[in-house]
Amino acid sequence: MLRLHFTAADLGSLRLAAGADPLWETLLSQHALTSGHGPPALGHWRRHALTRLTPEMRALLSLAPPTGYSPDFLTPTRGLHDVDEGLDAGLAEVLATPIDHLRTDLRRVLPRHCPRARTERLADGDRAAMAALAAAMRSYFDAVLAGHWELISGQVAGARARGARSMVDGGVDRLLTTLHPTIRWDSPTLHVAYPEDRDIHLAGRGLVLLPSFFCRGMPVTLRADDRPPVLVYPIDHDPDWDAERSPPSGGELVALLGSTRAAVLRAAQLHPHGCTTTELARRVRISLSSASEHATTLRRAGLLRTRPYGRHMLHVVTPLGRALLTGRPGPQQPS
């Protein structure tokens, strides 16, 4: 069990990450690849990713075993960077890791996972070794995540929207109580299912909550106590997330050309944290049953994502829906 102990200052500094974090998704996706198993929703992605790994990328995987410790310095970010500079800013932080952090982290890496000679070069801050590591991380992201990134970040945004909605409706207590089934809030302590027994005293540093597409099973956090606190937790995958890479079929697009459905989609876009069916009906000035019917059609076409929210359904526009509304290119089929 992991126990995070809050002070009043920590509760006031609690933050939801702004979006998906490229470095955390890079690390956790490597776990999904090397574990040899995973949820069915990741099957297509995993088969595709394995065909694109280069020797340099496979060497990178040795630092990210599916069980046990992965170096904290590989994930210095917490979803707080601007979305357009996330990967660049994250890799810059990796390259700027202090020597004492490198040595502390790499001492915990087991030799059977990564050759000792390699970890020693990294622990010494060898510039060539660090540059090669950053290059491998970028190549990995470009090869196996970039083509899916808009969909990944869209699903993380949906989870963040639900968290933000919980905080707006019920404050921090509601957010922490409904965060994930493996998490229990017993103020002032957050109890998290974890493979080891550990206490973290936030001591006024606050906490960033980071929903993650590739985090599976139970939440994760950094091992080192001297790094900024972050709790990464799993989100639910849309069963058809892989199918969202393609635009809707011709028949579905024809169904979407009606003025009322277009108004429903535009109304949903005005609520970045998601809106209920009742809110859609009120804004478009249609009946509740009509709003529900139109939202269902938009969801089946991949333009809305819908999740339960208490007794209601919460609708969020997908990246494909935003692309249709703005005229900018949406997700593309990976090569």
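The preceding data block contains the structure.
Residues numbered from 1 in each chain as written. Predicted model: local features only at pLDDT ≥ 70, side-chain atom pairs only at ≥ 80, totals over all residues. Heavy atoms only, no water.

Undergrad: An account of the overall build of the protein is needed here, citing residue identities and associated values.
TA: Along the protein, the regular secondary structure elements total 14 helices and 11 strands. Relative to its full complement of 335 residues, the protein shows a buried share of 51%. For the protein, the proportion of contacts with a sequence separation of at least 24, taken over those separated by at least 6, is 71%. Carbon and sulfur atoms form 54% of the exposed surface of the protein, whose accessible area is close to 15500 Å². (Helix = DSSP H or I, 4+ residues; strand = E, 2+ residues; numbered from the N terminus. Buried < 20%, exposed > 50% of the residue type's maximum accessible area, 1.4 Å probe, protein only. Contact = heavy atoms within 4.5 Å. Areas by Shrake-Rupley, 256 points an atom, 1.4 Å probe, with all protein chains shown as cover.)

Undergrad: How would you explain the nonpolar core if you had to name every residue and give the values?
TA: Within the largest apolar cluster, 52 residues are counted, with the highest numbers of intra-cluster contacts made by Tyr140 and Phe214. Leaving out residues up to four positions away in the same chain, phenylalanine 214 has contacts with Glu25, Leu28, Ser29, Ala32, Leu42, Trp45, Leu145 and Ile152. Counting 20 residues, the second-largest nonpolar core is a separate cluster that includes Leu4, Leu175, Leu190 and Leu231. (Core = buried A, V, L, I, M, F, W, Y, C linked by side-chain atoms within 4.5 Å.)

Undergrad: Tell me about the side chain of aspartate 105, and please be specific about residues and values.
TA: Along the chain, aspartate 105 falls in helix H6 (residues 99-107). Overall, aspartate 105 belongs to the buried group, its relative accessible area being 0%. A polar contact of 3.4 Å, which involves the side chain of aspartate 105, links it to the side chain of tyrosine 69. Aspartate 105 has contacts with Tyr69, Pro71, Asp72, Phe73 and Arg227, leaving out every residue within four places of it along the chain. (Polar contact = N/O pair within 3.5 Å; in protein donor to acceptor, adjacent residues only side chain to side chain.)

Undergrad: Would you mind going over the pairing of strand E8 (residues 230-234) in detail, with residue names and values included?
TA: For E8, the tally of buried residues reaches 5 of 5 residues, placing the bulk of the element in the interior. Residues Val230, Val232 and Pro234 point to one face of E8 and Leu231 and Tyr233 to the other, with burial holding for every one of them. In this structure, strand E6 (residues 208-212) lies alongside E8, joined through 5 bridges in parallel fashion. Considered in E8, the bridge of proline 211 is made with tyrosine 233. Summarising the sheet, strand E7 (residues 220-221) and E8 pair through 2 bridges and their orientation is antiparallel. Paired with threonine 221 across the two strands is leucine 231, which belongs to E8. (Pairing = 2+ DSSP bridges.)

Undergrad: Describe the pairing of strand E4 (residues 189-192), and please don't skip the residues or the numbers.
TA: Here E4 shows a buried face lined by Thr189 and His191 and a second buried face lined by Leu190 and Val192. Bridge count for strand E1 (residues 2-5) against E4 is 4 bridges, and the pairing is antiparallel. Bridge pairing links histidine 5 to threonine 189 in E4. In this sheet, E4 lies alongside strand E3 (residues 183-186) in antiparallel orientation, the contact comprising 4 bridges. The partner of tryptophan 185 across the bridge, within E4, is leucine 190. The antiparallel hairpin formed by E3 and E4 contains 2 residues in its connecting segment.

Undergrad: Tell me about the sheet that holds strand E2 (residues 15-16), and name the residues and values.
TA: Strands sit in the order E2-E6-E8-E7 across an open sheet of 4 strands; the sheet is mixed. The open sheet has two edge strands, E2 and E7, and neither has a second partner. On the sheet, helix H9 (residues 149-177) packs against E2 and E6 and is oriented at approximately 145° with respect to E6. (Axes fitted to C-alpha atoms, helices over the stretch in contact; angles between N-to-C directions.)

Undergrad: How would you summarise the sheet that holds strand E10 (residues 304-309) if you had to cite specific residues and measurements?
TA: Spatially, E9-E11-E10 is the arrangement adopted by the 3 strands of the open sheet, whose pairing is antiparallel. Lying at the two open borders of the sheet, with one neighbouring strand each, are strand E9 (275-276) and E10. Lying on the sheet, H9 is in contact with E9, E10 and strand E11 (312-317); it crosses E10 at an angle near 30°.

Undergrad: Can you tell me about the pattern of salt bridges, naming the residues and giving the values?
TA: Overall, the coordinates contain 10 salt bridges when judged by the stated rule. Measuring nitrogen to oxygen at the nearest pair gives 3.0 Å for the salt bridge that ties arginine 227 to aspartate 105. With arginine 227 in the loop between E7 and E8 and aspartate 105 in helix H6, this residue pair connects regions lying 122 residues apart in the sequence. Accessibility assignment for this pair places arginine 227 and aspartate 105 in one class, buried. With a shortest N-O distance of 3.0 Å, arginine 165 and glutamate 279 are connected by a salt bridge. With a gap of 114 residues between them, arginine 165 in helix H9 and glutamate 279 in helix H12 (residues 277-284) connect regions that are remote in the sequence. Comparing arginine 165 with glutamate 279 shows no difference in burial state: the two are buried. A single network of salt bridges, built from pairs that share partners, joins Arg3, Asp197 and Asp199. (Salt bridge = Lys/Arg side-chain N within 4 Å of Asp/Glu carboxyl O.)

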